[in-house]
Amino acid sequence: MNLIDLVSAEPARVRDLTPSVGGGVAARVEALRARAMADKELGEFTHGLASLTEAQRISAGDESLSVLVALTRVGLLAARGDVTAALHLADRIEPLLSGDDLERLRANRDCALACRGVLSELPARRSASADPAVRAGRLIGSGLVHAYAGRFDAAEGALQAAAALGRRHELQQIVLMALHNLGFVAARRGRLPLALALFGEVEPELTGERLAQCRLDRAEALIAAGLA
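Computed from a predicted structure; not experimentally measured.

Analysis parameters
- Here the residue index of a chain counts from 1 through its sequence in written order.
- Restriction of local features to residues with pLDDT of at least 70 applies here, the model being predicted, together with a cutoff of 80 or more for giving and counting side-chain atom pairs; totals for whole chains, interfaces and linings are based on all residues.
- Excluding hydrogens and water, the side-chain values take into account all heavy atoms of the structure.
- For the purposes of this entry, the term helix denotes a DSSP run of H or I that reaches at least four residues, the term strand denotes a run of E that reaches at least two, and both are numbered from the N terminus.
- Helix span, as expected, comes to 1.5 Å for every residue beyond the first.
- Three exposure classes are used, based on accessible area relative to the maximum for each residue type with a 1.4 Å probe and protein chains only: buried under 20%, partly exposed in between, and exposed over 50%.
- Contacts: residue pairs with any heavy atoms within 4.5 Å of one another.
- Any Lys or Arg side-chain nitrogen found within 4 Å of a carboxyl oxygen on Asp or Glu counts as a salt bridge.
- By nonpolar core is meant a set of buried Ala, Val, Leu, Ile, Met, Phe, Trp, Tyr and Cys residues that side-chain atoms within 4.5 Å join together.
- When charges are tallied, Lys and Arg are placed among the positive residues and Asp and Glu among the negative ones, while His and the ends of the chain are skipped.

(A) View of helix H7 (residues 99-116). With 18 residues, H7 ought to run about 26 Å at 1.5 Å a step, and its terminal C-alpha atoms sit 26 Å apart, in line with that. Taken as a whole, H7 has its buried residues at Leu102, Glu103, Leu105, Ala107, Asn108, Arg109, Asp110, Ala112, Leu113 and Ala114. Elements in contact with the buried residues of H7: helix H3 (25-41), helix H5 (63-80), helix H6 (83-93) and helix H8 (132-148).

Structure follows, in C-alpha cells:
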C-alpha cells in the first residue's frame, strides 16, 4: 500500500513517514501530497496547504504532477471553508482528470457546493470506483447533499453506507467523518440525544479543525436542546 492509499486508515502514521521519503521529483511530490492529505484528515488544514505549496514548487514544469497537486489542494480548500477558491480550481483542472482522481475531485466539489447551499447543481451521485476510500468519499458527499436539502432519510442511508464501507476496509478516518455527519443529520432532524451521543463518540478521536467543527456542532445541538 502506498502512502496515499494509507491516508484514510492511518493518517498520523503517514504524517510521520513522509519526511523520510526521498527519491525523484515524482516520489517527493507524492509524499508531500500524502502528508497534506493526512493533515486534512487530522484537521491541520494550514499545515497541509503548506506541504502543497512545496509540492507545487518542485512539480513546476510537469503538468501531470501539478494537476495532482491541485486536486489535493481542492480538498484542503473545501475542508477549510475556502469554497470559492476550491470551486474555481476544481473547474480548471476537471478536464485534465479521469478515473479515481476525477471521482475524488467530484467528491470534494460536492461537499463544497453542499456547504454553500448550491443544491441545484448537485445530483446525489455514487461512485463506481474500485477504491473504497473514493466510494466512501462520494457517499459522504451524497449524504451532505441530501442533508442540506432536508432529505434526512436519504442522508442517513448514504452516511451509514459510508461508515459500513469504512469499517469493512479499516478506514478509521472515513468512519469518523461518517459518524460526525450522522450526528449533524440527527441534530438537523431534532434527534438531539442521538446527535449528542454521536458527537461524544467521535470527539475523542478528532484533532485540529475537525475537532473544532465537532465541538461547534455539539454546542449547537446543546443550545437547541435548551442546555446552553
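(B) Structural view of H5. Between its first and last C-alpha, H5 extends 25 Å over 18 residues, near the 26 Å set by a 1.5 Å rise per residue. Buried residues of H5: Leu65, Val67, Val69, Ala70, Leu71, Thr72, Arg73, Val74, Gly75, Leu76, Leu77 and Ala78, and no others. On its buried face, H5 is in contact with H3, helix H4 (45-59), H6 and H7. In the segment just after H5, Gly81 is the residue with positive phi, at about 100°.

(C) Structural view of the pattern of salt bridges. Overall, the coordinates contain 15 salt bridges when judged by the stated rule. Residue Arg104 pairs with Asp131 through a salt bridge whose shortest N-O separation is 3.0 Å. Separated by 27 residues along the polypeptide, Arg104 in helix H7 and Asp131 in the loop between H7 and H8 bring together distant segments of the chain. Residue classification places Arg104 among the partly exposed residues on the basis of a relative accessible area of 23%. Of the residues examined, Asp131 reaches a relative accessible area of 15% and is grouped as buried.

(D) Expanded view of the nonpolar core. Formed by 31 residues in total, the largest nonpolar core has its most connected members in Leu179, Val185, Val202 and Leu206. Secondary structure elements with two or more residues in this core: H8, helix H9 (152-168), helix H10 (172-188), helix H11 (192-202) and helix H12 (208-224). Those residues within four positions of Leu206 in sequence are excluded, and the remaining contacts are Leu176, Leu211 and Cys214. Listed in part, the 28 residues of the second largest apolar core include Val29, Leu52, Val74 and Ala90.

(E) Region of interest: the environment of Gly200. Relative to the elements of secondary structure, Gly200 occurs in helix H11. When its relative accessible area of 38% is taken as the criterion, Gly200 is described as partly exposed. Spatially, the C-alpha atoms of Gly200 and Cys214 are 9.0 Å apart, while their sequence positions differ by 14 residues.

(F) The arrangement of the side chain of Arg73 in detail. With respect to the secondary-structure elements, Arg73 resides in helix H5. Notably, Arg73 is buried but unbridged: the nearest opposite-charge side chain belongs to Asp82, and the N-O separation is 8.5 Å. If near-sequence neighbours (up to four positions away) are discounted, Arg73 is found in contact with Leu49, Leu52, Thr53, Gln56 and Leu89.

(G) Spatial organisation of the environment of Gly157. Of note, Gly157 is situated in helix H9. Expressed as a C-alpha distance, the spacing of Gly157 and Gly143, which sit 14 residues apart in the sequence, is 7.6 Å.

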